[in-house]
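If you want the building blocks of each chain, they are given just below.
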Amino acid sequence: MHKRCSAHILNLIISDGLKEIDLSIRKIRTTCKFVKSSPSRFASFKRCVEEVSVFIKVMLILDVPTRWNSTYLMLDVAKKYEHAFYHYEYVEDAYVLNLISSEGEGCPKEID
């Protein structure tokens, strides 16, 4: 008789649920990669964070797509920087252009 581990069952359930919002997760993941990929972009993003008065000690983190808990952590932190991302669209021209051309999905919006 085959019994499944409860952690494995939970992982399967959450993985199916994440497939429903896959486009939003990809947009946020791409945004975090863009910001963290260059020291100058990261510094520019930090200035945006200060300008919109977001005071959080945790900076952006990237997830491991096969680990749903790391995806949750990435989304949780990104949600706290939501206003900074909107401001960053107007400050960093390459941000919008790069996200449209790299994945064709664009910047995360409020619905994401």
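Report follows, based on the coordinates.

Procedures and definitions
- Residues numbered from 1 in each chain as written.
- Predicted model: local features only at pLDDT ≥ 70, side-chain atom pairs only at ≥ 80, totals over all residues.
- Heavy atoms only, no water.
- Axes fitted to C-alpha atoms, helices over the stretch in contact; angles between N-to-C directions.
- Helix = DSSP H or I, 4+ residues; strand = E, 2+ residues; numbered from the N terminus.
- Parallel < 35°, antiparallel > 145°, perpendicular 65-115°, else oblique.
- Contact = heavy atoms within 4.5 Å.
- Nonpolar A, V, L, I, M, F, W, Y, C, P; charged D, E, K, R; others polar.
- Buried < 20%, exposed > 50% of the residue type's maximum accessible area, 1.4 Å probe, protein only.
- Arc of directions from axis to C-beta.
- Phe/Tyr/Trp six-rings, centres within 6.5 Å; stacked < 30°, edge-to-face > 60°.
- 1 Å grid on protein atoms, 1.4 Å probe; cavity = no way out; pocket = protein on both sides within 12 Å on 5 of 7 lines; lining within 4 Å.
- Points joined across faces, edges and corners; volume = space filled by probe spheres on them.

To continue, consider the packing of helix α2 (residues 22–36) against helix α4 (residues 68–80). At a minimum axis distance of 11 Å, the contact between α2 and α4 shows a crossing angle of 75°. It follows from the interaxial angle that α2 and α4 lie roughly perpendicular. Along the contact surface, α2 presents I25, I28, R29 and C32, while α4 presents T71, M74, L75 and A78. The residue inventory of the contact of α2 with α4, partitioned by class, reads 6 nonpolar, 1 polar and 1 charged.

So, about helix α5 (residues 82–91). Looking only at α5, the buried set comprises E82, A84, F85, Y88 and E89. Projection of α5 onto a plane perpendicular to its axis shows the buried side chains occupying an angular sector of 155°, all on one side. Every exposed residue of α5 that faces more than 90 degrees away from the buried side is listed here: H83 and Y90.

Let us look at the packing of aromatic side chains. Counting across every chain of the model gives 5 aromatic pairs. Between the aromatic rings of F45 and Y88, the centroid separation amounts to 5.6 Å while the plane-to-plane angle is 85°, which identifies the pairing as edge-to-face. Of the two residues, F45 is situated in helix α3 (residues 39–51) and Y88 in helix α5; the sequence distance between them amounts to 43 residues. Here F45 and Y88 have matching classes, each one buried.

Another aspect to go through is the environment of A43. Its location among the elements puts A43 in helix α3. Sequence separation between A43 and L10 is 33 residues; the distance between their C-alpha atoms is 38 Å.

The next point concerns the layout of surface pockets. Considering only enclosed or pocket space, the largest pocket measures out at about 260 Å³ in volume. Lining the largest pocket are I28, L75, D76, A78, K79, E82, F85, Y86, P108, K109, E110 and D112. For the lining of the largest pocket, the secondary structure elements donating two or more residues are α4 and α5. Top contributing element to the lining of the largest pocket by residue count: α4, with 4 residues. A per-class count over the lining of the largest pocket returns 6 nonpolar, no polar and 6 charged. In this model, the second largest pocket occupies a volume close to 160 Å³. In terms of lining residues, the second largest pocket is bounded by S15, L18, K19, D22, I25, R29, P65, T66, R67, W68 and T71. Secondary-structure elements contributing two or more residues to the lining of the second largest pocket are α1 (6–20), α2 and α4. Looking at the lining of the second largest pocket residue by residue, the class counts come to 4 nonpolar, 3 polar and 4 charged.

Purely spatial values, then, with no claim about function.
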